[in-house]
Amino acid sequence: MPIYYMQQKNLKLGDMVLIQTERFKREFTIVDFVRDAQMNSAMVSSKRFVISREDFAVLKENGGDIEYLIEFRLTDLSKLSDFSSNYFSSNMPNKGPAIDYSLITLLNALTDGMIAIVIIIVSLLLMVIALLCLRLTIAATMEEDYQEIGVMKAIGLPTLDIKRIYLAKYIVISALATLCGYLLSLLTMNLVTANISLYLGAVTRSLISYVIPFLAVGLTFCIVVFSCRAMLRKLNRISAVESLRSSISMKSKNPIGRVQLSRYKYVGVNVFLGIEDIFRRITLYTLLFFVYALNVFIIMVPLGLLHTLQMPSFISYLGVGQSDIRIDLPQSANTLQPFSQITTALNNDPDIEKFSPLITSRYKIQKDEGIWESVNVETGDFTIFPLSYMSGSAPKGTHELVLSALLAKDLNKKVNDTLVIKIGEGQMKMRVSGIYQDITNGGRTAKAQIPYDSKNVIWHVIALDVKPDVSVDEKVDQFTEAFYPAKITHLKSYLTQTLGNTIRQLQVVTIFAIVISLSITVLVTSLFLKMLLAKEATQLAMLRSLGFTIRDIQIQFLIRMLFLGGMGIIIGTVGTVTIGQGLVHAAGSFMGAPKINLEFNPFLTYVLYPLFFLAMISMTSLLNTRAQNKHSIAEQIAK
């Protein structure tokens, strides 16, 4: 049994599988699961089973069509294209789809590769946030130790030695943290790679599989230490006299000048003081703003990608138009007869609103170098269920065709260019009327309204829509029984079958990204407030002596955090629809869909998540500033 069905149907060893036709019925016991490099991917609709020679002979005698699979393994993979062209130019049997190494790699990349790209992007952003947190931590520590640093300088301790004291502490912390992270990664590696190992096989652990991650950890450690050294240069600017005279560190420049409260009559005093402080020390708050924006970006990109994959419109990236039902006929010597019977039946069915029969054949297209290349060309009327074109429009007439994005790139063609296609014994010059996105069949396909080549037919497909008052599920059940052995697929379930595994993995990654992002938000907000409270202890005591209550001070800090959080959400969202969209385009270009547009759930993206994000910031701010109630005003001013 293929591993794909084991996972999809939750099968286990010893389960029974029934193969049944009109005149034959037999049960088989699952004795093992097969890892199939060529047909494992959910993007491949065909799956194959392994049975004994005796059982195969029984099945062969009792029906079913015979398919032949011819496989080659080349000694030089760089000659794959030449070998393929020579094979199809010969008189060797060439009916049916051709799958090569690059296509197998691409099909597997569409599932696990997409998840890997998301994890790598999130990991890189987390490293950037970690460095920002490190900067914040060192700044908070220096604020707390401001007077101690002044004392050390006053007694004659060189600045270099003070740096070494701090650097030694951070080296020890970094070494322990990176070592713990490395050990934790070894324990959780199977959780992330479980699906890849299931489909592609587990890699035998060798010394190199431990050394390379360890070197990556070592590189991370070096980056952290180097960053600490750079940040500790602030110690050079601390004056011994100034730090002993006051516990307040270097004063920030005020870029907006003096702002009078009397000019803002309709703004509360606490709101005014909170916002004014941000603009007065904008350099100080920029760090926290970037952390918020990056956290929003980390969540928005996986959320958008997940929602995009779940949208019915994603079917347009598979190179097919949107319809209710899709009928696939397995290719055999007599496929044309049932294909004609089905189209006749659909034409007479009053429940059918419209349908479009499509036949894919293999044609030869001339490249610029004069070399002929075999390409799968789907023929039919593409105005009934129109595709979503990157540029241009559907082919009109027999002298136009549309190319998939990858094929157009390989052939170096764009809209209105011409190319030569071999039809039968003759050649025809055709105009490229449009370019569409297609991540199926290796992403190298074409569509045209030309007569199909009966000698090189690969598959037959019928797309149809039922009338509005007709149940799609009931028609699927009806057609499944009436048009056997054709495969009847509800287009909504087609997406689930094709991308269901990828969607489930992406859901896990998205949940991890949300949890980590919110945890970092709470941690960084706490660190930043701790630094601010230490830095402004005297000013806060003076405010309290002037009559401001603890609640007023809490509101001032809350306004600051909410303002920064709100700006972070706006900039993070803008970054997602620009930079994040660009990253998705770059990843999609390798799969044949360079223009995948991120789709967002408006309520989740623009309402629920921002409110939850701001609620976490508010709660953290209120909890941290509540500690002010414990400090005496006189002690703070005297200190």
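For every chain, the first residue of the written sequence is number 1, and numbering continues from 1 along that sequence. Side-chain atom pairs in this predicted model are given and counted only at pLDDT of 80 or more, local residue features only at pLDDT of at least 70, and totals for whole chains, interfaces and linings cover all residues. As a rule here, side-chain values cover all heavy atoms of the structure and leave hydrogens and water aside.

You'll find the chain entered in an unreviewed UniProt entry as FtsX-like permease family protein, with Paenibacillus polygoni given as the organism.

> Quick one: what's the story with the pattern of salt bridges, residue by residue and with numbers?
By salt bridge we mean one thing: a side-chain nitrogen of Lys or Arg within 4 Å of a carboxyl oxygen of Asp or Glu. This structure, assessed with the given rule, holds 14 salt bridges. Between Asp36 and Arg48 there is a salt bridge, with its nearest N and O atoms 2.5 Å apart. Taken together, the residues Asp36 in the loop between strand E2 (25-29) and helix H2 (53-61) and Arg48 in the loop between E2 and H2 connect sequence positions 12 residues apart. Using a 1.4 Å probe on the protein chains alone, a residue whose accessible area is under 20% of its type maximum counts as buried, one over 50% counts as exposed, and one in between counts as partly exposed. Taking relative accessible area as the criterion, Asp36 reaches 9% and is therefore assigned buried. The exposure class assigned to Arg48 is partly exposed, which follows from its relative accessible area of 31%. Counting from the N terminus, the helices are DSSP H or I runs at least four residues long and the strands are E runs at least two residues long.

> Report on the packing of helix H14 (residues 491-535) against helix H15 (residues 537-545), specifying residues and quantitative values.
Helix axes are fitted to C-alpha atoms over the stretch in contact, other axes to C-alpha atoms as well, and angles between N-to-C directions run from 0 to 180 degrees. For the pair H14 and H15, the least separation of the axes is 4 Å and the interaxial angle reads 70°. Relative to H15, the element H14 lies roughly perpendicular. Of the residues in H15, those in contact with Leu533, Ala534 and Lys535 of H14 are Ala537, Gln539 and Leu540. The residue classification treats Ala, Val, Leu, Ile, Met, Phe, Trp, Tyr, Cys and Pro as nonpolar and Asp, Glu, Lys and Arg as charged. All others, Gly included, are polar. Across the contact of H14 with H15, the residue classes break down as four nonpolar, one polar and one charged. By the definition adopted for this analysis, an angle is roughly parallel if under 35 degrees, roughly antiparallel if over 145, roughly perpendicular if from 65 to 115, and oblique otherwise. Note on definitions: a residue-residue contact is assigned when non-hydrogen atoms from the two residues lie within 4.5 Å.

> Before we move on, can you summarise unusual backbone geometry with the specific residues and values?
The residue Asn10 is not glycine, and still its phi comes out positive at about 55°. Relative to the helices and strands, Asn10 is located in the loop between helix H1 (3-9) and strand E1 (16-20). Not every positive phi belongs to a glycine, and Asn416 is a case in point at roughly 80°. In this structure, Asn416 sits in the loop between helix H12 (405-411) and strand E8 (418-423).

> An account of helix H3 (residues 80-89) is needed here, citing residue identities and associated values.
When we look at burial in H3, the residues that qualify are Ser85, Tyr87 and Phe88. Buried residues in H3, looked at end-on, bunch into an arc of 160°, giving them a common side. Its buried side turned inward, H3 meets strand E4 (352-366) and strand E5 (372-379). Picture the helix axis, draw a direction to every C-beta atom, and the arc is the one those directions span.

> Lay out the nonpolar core in plain terms, naming residues and giving numbers.
What tends to happen in soluble globular proteins is that the nonpolar side chains get buried as a cluster. To define a nonpolar core, start from buried Ala, Val, Leu, Ile, Met, Phe, Trp, Tyr and Cys residues and group those joined through side-chain atoms within 4.5 Å. In terms of nonpolar packing, the biggest core is built from 67 residues, with Phe314, Phe528, Met561, Leu564 and Phe613 touching the most fellow members. Counting only elements with at least two residues in this core, the list comes to helix H4 (101-144), helix H10 (282-310), H14, H15, helix H16 (550-589) and helix H17 (602-625). The element best represented in this core is H10, accounting for 17 residues. What Phe528 contacts, discounting residues up to four positions off in sequence, is Leu136, Leu284, Tyr285, Leu288 and Met561. Grouped together as the second largest cluster of nonpolar side chains are 20 residues, Ile325, Ile327, Ile352 and Val476 included.

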